[in-house]
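Spelled out from the first residue to the last, the chains are:
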Amino acid sequence: MTGASSGIGAELAVQLAERGLDLVLVARRGDRLLEVAERIRRTASVDVTVILMDLSEPDAAERLHTRTHGLRIHVLVNNAGIGTDADVIETEAERLDELLRLNVLALTGLSRRYGADMVTNGSGIVVNISSVAAAIPTPHMAVYSASKTYVYSFTYALDVELRGTGVRAITVMPGTTRTEFGAHGGRIPGPDRMHAAPADVVATILRALDTPEPPSVIVPGTANAVTAALLPRLPRGLAVPLVARAMRA
Ligand SMILES: NC(=O)c1ccc[n+]([C@@H]2O[C@H](COP(=O)([O-])OP(=O)(O)OC[C@H]3O[C@@H](n4cnc5c(N)ncnc54)[C@H](OP(=O)(O)O)[C@@H]3O)[C@@H](O)[C@H]2O)c1
């Protein structure tokens, strides 16, 4: 589980532990990761391994894979992700590079490495966290939304490539969720009362994963599901300006 020190990742770690899964938690902030690990150990008898790593470093996927050598990873959750809070030309170029290295390159490298191990073992699930922002080009969060469109497209295609291997690749597209994403340089648009609680997002994800044939794409929340389904079908010239206005709200 990457990005397990706060938000959706921390909640997903807790709820997976409640189901009896041993966990490997990865993020940069050791104090916060240890807090999550302690919370889990108080309520569930599972093994929790904590790995401090900056996944935006170029060789991070290879190093994490090497660090977990010998552990059988049944479920990989690529949840670590960052956003931006300004338009492209107002954002530091290094921030955009960092975002792409984390949201795109690390996720791809980890899916490739652990996916191959799962195929060798004949079973496993790769869960990649995208966003409803993947549904359409999103002005004012252009690079973030494009990175999440990559996650959606890559994971969907990977799931098809993996057919018959016993391994699945599943995309999750959460809508706005009350996490530390904004405090970490991203932006959660809209009023707070419209934002979902991480616990509800995670419960929906796990309910969908529990079904005998989980869908390729999970969109938590009815309004988000409608948005994700409708937006790509509307004429771009109409939909993109509407989305741009919503992002400014
Ligand atoms: N919140 C929303 O509205 C929303 C909506 C749709 C999708 N999402 C997606 O949900 C995922 C989780 O985000 P969140 O909302 O839960 O935000 P969050 O609370 O900021 O969590 C982000 C997690 O990613 C980790 N992370 C960030 N940079 C990292 C790096 N370089 N190396 C390793 N770990 C790193 C953070 O840990 P450290 O800082 O300790 O490293 C943290 O655990 C992201 O992929 C995000 O794009 C969020």
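Trainee: Got a minute to help me understand the overall build of the protein in this structure?
Mentor: Within the protein one finds 8 helices and 6 strands. Rg of the C-alpha trace for the protein: 17 Å, near the compact-globule value of 18 Å for 249 residues, within the 12% margin. The principal-axis extent of the C-alpha atoms belonging to the protein is close to 50 × 40 × 35 Å. Residues classed as buried in the protein amount to 48% of the 249 residues present. Put simply, 66% of the contacts in the protein that link residues at least 6 apart link residues at least 24 apart. When the accessible surface of the protein is split by element, carbon and sulfur atoms take 56% of a total near 12100 Å². For the protein, the distance from the average position of its 25 positive side-chain charges to the average position of its 26 negative side-chain charges is 5 Å.

Trainee: Even after reading the chapter, I still don't get unusual backbone geometry, so can you show me in this structure?
Mentor: Glycine aside, the phi torsion of most residues is negative, and most peptide linkages are trans. Positive phi, close to 75 degrees, is recorded for His 140, a residue that is not glycine. Within the secondary structure, His 140 is located in the loop between strand 4 (124-129) and helix 5 (142-161). Its relative accessible area of 18% is what places His 140 among the buried residues.

Trainee: Teacher, can you tell me more about the sheet that holds strand 3 (residues 75-78) here?
Mentor: Working definition: the strands of a sheet are paired by backbone hydrogen bonds and lie parallel or antiparallel to each other. Strand order across the open sheet formed by 4 strands is 3-4-5-6, with parallel pairing between neighbours. Here the strands that pair on one side only, and so sit at the sheet edges, are strand 3 and strand 6 (217-218). Summarising the sheet, strand 3 and strand 4 pair through 4 bridges and their orientation is parallel. Bridging across to strand 4, Val 77 finds its partner in Val 127.

Trainee: Just checking my understanding: could you explain the packing of helix 1 (residues 7-18) against helix 6 (residues 198-210) for this structure?
Mentor: Two quantities define a packed helix pair, namely the angle between the axes and the distance from one axis to the other. Their axes nearest at 9 Å, the elements helix 1 and helix 6 cross at an angle of 55 degrees. Relative to helix 6, the element helix 1 lies oblique. With respect to the hand of their crossing, helix 1 and helix 6 are arranged in right-handed fashion. Across from Gly 7, Ile 8, Glu 11, Leu 12, Gln 15 and Leu 16 in helix 1, the residues of helix 6 making contact are Pro 198, Ala 199, Val 202, Ala 203 and Leu 206.

Trainee: What is the right way to look at the layout of surface pockets in this model?
Mentor: Of the volumes computed, that of the second largest pocket is approximately 420 Å³. What lines the second largest pocket is a set of 20 residues, among which Asp 22, Leu 23, Val 24, Arg 72 and Ile 73 lie closest to the centre. Broken down by secondary-structure element, the contributors of at least two residues to the lining of the second largest pocket are strand 1 (23-27) and strand 3. Among the residues making up the lining of the second largest pocket, the classes are represented as 13 nonpolar, 4 polar and 3 charged.

Reading guide: rules and limits
- Residues numbered from 1 in each chain as written.
- Predicted model: local features only at pLDDT ≥ 70, side-chain atom pairs only at ≥ 80, totals over all residues.
- Heavy atoms only, no water.
- Helix = DSSP H or I, 4+ residues; strand = E, 2+ residues; numbered from the N terminus.
- Rg over C-alpha atoms; globule rule 2.2 N^0.38 Å.
- Buried < 20%, exposed > 50% of the residue type's maximum accessible area, 1.4 Å probe, protein only.
- Contact = heavy atoms within 4.5 Å.
- Areas by Shrake-Rupley, 256 points an atom, 1.4 Å probe, with all protein chains shown as cover.
- Lys, Arg positive; Asp, Glu negative; His and termini not counted.
- Charge placed at Lys NZ, Arg CZ, Asp CG, Glu CD.
- Pairing = 2+ DSSP bridges.
- Axes fitted to C-alpha atoms, helices over the stretch in contact; angles between N-to-C directions.
- Parallel < 35°, antiparallel > 145°, perpendicular 65-115°, else oblique.
- Left-handed = near helix turned anticlockwise from the far one by under 90°.
- 1 Å grid on protein atoms, 1.4 Å probe; cavity = no way out; pocket = protein on both sides within 12 Å on 5 of 7 lines; lining within 4 Å.
- Points joined across faces, edges and corners; volume = space filled by probe spheres on them.
- Nonpolar A, V, L, I, M, F, W, Y, C, P; charged D, E, K, R; others polar.

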